[in-house]
Amino acid sequence: MENNLVIKMKNDLAEISRSNVLIEEFCEENKLSNKFIFTLNLTLDELVTNIISYGFEDDEEHEILISITFSNEKQELTMQIEDEGVYFNPLNISKPNHIDKPMEKKPIGGLGIHLVKKFVDNVHYERRGNRNILTLTKKTNN
Amino acid sequence: MEIKQEKKGNVLILNIIGRLDSNTASQMENELMPLIDKGDDNILVDFSNLDYISSAGLRTLLLAAKKMDKKDKKIILCSMKEFIHEVFEISGFTSIFTIAENEDEAMKEFE
């Protein structure tokens, strides 16, 4: 059996808290752990923040479409994030080289994508027309 | 997100309540930076009521730590939930912050 959740977000950071509540409810219905909920919310937060901050070159309102599917059989959750922003493939971002550096040498920022890659099992990127489509999967036992 | 302040000796204790996401991290930055600029205390950030942190929250803490370092003051964190601690580990932040088990242990670090 598969359960679905679709969230239509506007390009406004305040939308992240609203989406996190919806994800939390969905995960609880599917009996996923608090840690799973936390990492999923973090993933969404980091990726959508990037899209909102850097994805759009105008000041217009844009829609970011989130589709979440949980497969009971596979015990696997899939999250797809779709936006009409500029081309951005997070897979091209290499691991930051400052993780082990002392504080003076640590730049401010640049950790979001690194956290996402650590917390999900699989990331797939596709540019379809003028849209970025990012598909992430995560097993419940991870 | 809400920050409660309490002063014990020369330590300013900041209890962060709620979530530190991209949206609320800038709010924390706006509250925290003037406190550091004006104040002359060491700072203890109590994480016991913090439910969530993203890289935006880490960014604000790193900014604060750099500022405190320049003033030759200490900033210590305490009572961190397990999954928040994991975010700190993955980000390499466990090596730049002193993270104490609880408030009592943290206060000893300031002595």
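In this text, all values refer to a predicted model and were calculated from it rather than measured experimentally.

1. Structural notes on the environment of Ser 91 of chain B
Thought 1: Mapped onto the secondary structure, Ser 91 of chain B falls in the loop between helix H3 (82-90) and strand S6 (98-100).
Thought 2: For Ser 91 of chain B, the side chain forms a polar contact with the main-chain oxygen of Val 87 of chain B, separated by 2.7 Å.

2. Digging into the interface of chain A and chain B
Thought 1: Chain A puts 27 residues into the contact, and the matching count from chain B is 25 residues.
Thought 2: Counting each side, the surface lost to burial between chain A and chain B is near 2,300 Å², with a carbon and sulfur contribution of 65%.
Thought 3: Its largest share of buried area at the contact with chain B, chain A owes to Phe 38, Met 103 and Ile 108 of chain A, together 31% of the area lost on that side.
Thought 4: The interface formed by chain A and chain B holds one salt bridge in total.
Thought 5: For Lys 35 of chain A, the salt bridge identified is with Glu 86 of chain B, shortest N-O distance 2.9 Å.
Thought 6: Linking chain A with chain B are nine residue pairs in polar contact (both at pLDDT 80 or more), by the criterion used here.
Thought 7: Looking at the side of chain A that touches chain B, the elements that each hand over two or more residues are helix H1 (15-29), helix H2 (34-54) and helix H3 (112-119) of chain A.

3. Thoughts on empty space enclosed by the protein
To locate leftover empty space, one rolls a probe as large as a water molecule over the atoms.
All names here are of chain A.
Thought 1: Applying the stated criterion across every chain, the model contains two cavities of 30 Å³ or more.
Thought 2: If you add up the space inside the largest cavity, you get close to 40 Å³.
Thought 3: Forming the boundary of the largest cavity are Leu 47, Pro 90, Leu 91, Ile 113, Val 116, Lys 117, Val 123 and Leu 134.
Thought 4: Its residues assigned to classes, the lining of the largest cavity shows seven nonpolar, no polar and one charged.
Thought 5: Of the pockets and cavities examined, the second largest cavity occupies roughly 40 Å³.
Thought 6: At the level of secondary structure, the elements contributing two or more residues to the lining of the second largest cavity comprise H2, strand S3 (76-83) and strand S5 (131-139).
Thought 7: Here the residues of the lining of the second largest cavity are counted per class, giving five nonpolar, two polar and one charged.

4. Section: the packing of aromatic side chains
Thought 1: Tallied over the entire structure, the rule returns seven aromatic pairs over all chains.
Thought 2: A centroid spacing of 4.5 Å and a plane angle of 35 degrees characterise the contact between Phe 38 of chain A and Phe 83 of chain B, whose relative ring orientation is tilted. One end of the pair, Phe 38 of chain A, is in helix H2; the other, Phe 83 of chain B, is in helix H3, on a second chain.
Thought 3: With a centroid separation of 5.5 Å and 85 degrees between ring planes, the pair formed by Tyr 87 of chain A and Tyr 125 of chain A is classed as edge-to-face. Placement of Tyr 87 of chain A in the loop between S3 and H3 and of Tyr 125 of chain A in strand S4 (residues 122-128) is noted, with a sequence separation of 38 residues between them.
Thought 4: Judged by relative accessible area, which is 12%, Tyr 125 of chain A ranks as buried.
Thought 5: The rings of Phe 47, Phe 88, Phe 93 and Phe 97 of chain B are connected pair by pair, giving a single aromatic cluster.
Thought 6: Its end group placed over the ring of Tyr 52 of chain B, Arg 19 of chain B keeps NZ or CZ at 4.2 Å from the ring centre.

5. Describing the pairing of S5 of chain A
Residues and elements named next belong to chain A.
Thought 1: Taken across its nine residues, S5 has seven buried, putting it largely inside the fold.
Thought 2: Both S3 and S5 contribute to a ladder of eight bridges, which runs antiparallel. Residue pairing across strands places Gln 80 opposite Thr 135, the latter belonging to S5.
Thought 3: Two strands pair when backbone bridges link them, and S4 and S5 are joined in this way by seven bridges, in the antiparallel orientation. Note that in S5 the partner of Tyr 125 across the bridge is Leu 134.

What counts, and at which threshold
Residues numbered from 1 in each chain as written. Chains lettered and ligands numbered in written order. Predicted model: local features only at pLDDT ≥ 70, side-chain atom pairs only at ≥ 80, totals over all residues. Heavy atoms only, no water. Helix = DSSP H or I, 4+ residues; strand = E, 2+ residues; numbered from the N terminus. Polar contact = N/O pair within 3.5 Å; in protein donor to acceptor, adjacent residues only side chain to side chain. Contact = heavy atoms within 4.5 Å. Buried area = accessible area lost by both parts, 1.4 Å probe. Salt bridge = Lys/Arg side-chain N within 4 Å of Asp/Glu carboxyl O. 1 Å grid on protein atoms, 1.4 Å probe; cavity = no way out; pocket = protein on both sides within 12 Å on 5 of 7 lines; lining within 4 Å. Points joined across faces, edges and corners; volume = space filled by probe spheres on them. Nonpolar A, V, L, I, M, F, W, Y, C, P; charged D, E, K, R; others polar. Phe/Tyr/Trp six-rings, centres within 6.5 Å; stacked < 30°, edge-to-face > 60°. Buried < 20%, exposed > 50% of the residue type's maximum accessible area, 1.4 Å probe, protein only. Lys NZ or Arg CZ within 6 Å of the ring centre and 35° of its normal. Pairing = 2+ DSSP bridges.

Nothing here speaks to function; it is all geometry.
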